[in-house]
Amino acid sequence: MPSSRRDSRDPRWVLLAVLLGSLSLALLAVSRLEIPRDRLSVGAVLVGTLLVVGTLALPALLFAGWQSGQE
């Protein structure tokens, strides 16, 4: 039996917000934190994590748009 309650959030907007947030935080971290090239630091881990989240969110955003266009 299908649920009568429908989520009002569009997944494309949620994914777009995640993408924009992670990219803006990555740019802020790159500009404010020192990221040495010869050792691992907190700034490098933070920037790397934000870039990975952005890298995963962009294809998900494109796929969600494609999937909603198919329905």
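The structure we're discussing is the one just above.
Treat the numbers as computed from the prediction; the structure is a model and nothing was measured.

Observations concerning a nonpolar patch on the surface
Then comes step 1: A cluster of nonpolar side chains, Val14, Val18 and Val53, forms an exposed patch at the surface whose accessible area comes to about 190 Å².
Then comes step 2: Within the secondary structure, Val18 sits in helix 1 (residues 11-32).

Quick look at helix 1
Then comes step 1: Its 22 residues place the ends of helix 1 31 Å apart at the C-alpha level, agreeing with the 32 Å of an ideal helix rising 1.5 Å per residue.
Then comes step 2: Looking at helix 1, one finds that the buried residues are Leu19, Ser22, Ala26 and Ala29. Taken end-on, helix 1 shows its buried residues confined to a sector of 105°, consistent with a single buried face. The exposed residues of helix 1 that point more than 90 degrees off its buried face are Trp13, Leu20, Leu27, Ser31 and Arg32.
Then comes step 3: Looking at the packing, one finds that the buried side of helix 1 touches helix 2 (42-70).

A word on the pattern of salt bridges
Then comes step 1: Counted under the stated rule, the structure contains one salt bridge.
Then comes step 2: As a salt-bridge pair, Asp38 and Arg39 come within 3.9 Å of each other at their nearest N and O atoms. The pair Asp38 / Arg39 is uniform in exposure class, with both members exposed.

Topic: the packing of helix 1 against helix 2
Between two packed helices, what matters for the description is the angle formed by their axes and the separation of those axes.
Then comes step 1: For the pair helix 1 and helix 2, interaxial distance at closest approach is 8 Å and the crossing angle is 155°. In terms of their interaxial angle, helix 1 and helix 2 are classed as roughly antiparallel. Two packed elements cross with a definite hand, and for helix 1 against helix 2 that hand is left-handed.
Then comes step 2: When its residues are assigned to classes, the contact of helix 1 with helix 2 shows 18 nonpolar, four polar and one charged.

Cut-offs applied
Residues numbered from 1 in each chain as written. Predicted model: local features only at pLDDT ≥ 70, side-chain atom pairs only at ≥ 80, totals over all residues. Heavy atoms only, no water. Patch = residues over 30% accessible without salt bridge, like charges linked within 9 Å, V, L, I, M, F, W, Y side chains within 5 Å. Areas by Shrake-Rupley, 256 points an atom, 1.4 Å probe, with all protein chains shown as cover. Salt bridge = Lys/Arg side-chain N within 4 Å of Asp/Glu carboxyl O. Helix = DSSP H or I, 4+ residues; strand = E, 2+ residues; numbered from the N terminus. Expected span 1.5 Å × (residues − 1). Buried < 20%, exposed > 50% of the residue type's maximum accessible area, 1.4 Å probe, protein only. Arc of directions from axis to C-beta. Contact = heavy atoms within 4.5 Å. Axes fitted to C-alpha atoms, helices over the stretch in contact; angles between N-to-C directions. Parallel < 35°, antiparallel > 145°, perpendicular 65-115°, else oblique. Left-handed = near helix turned anticlockwise from the far one by under 90°. Nonpolar A, V, L, I, M, F, W, Y, C, P; charged D, E, K, R; others polar.

Purely geometric numbers; function is a separate question.
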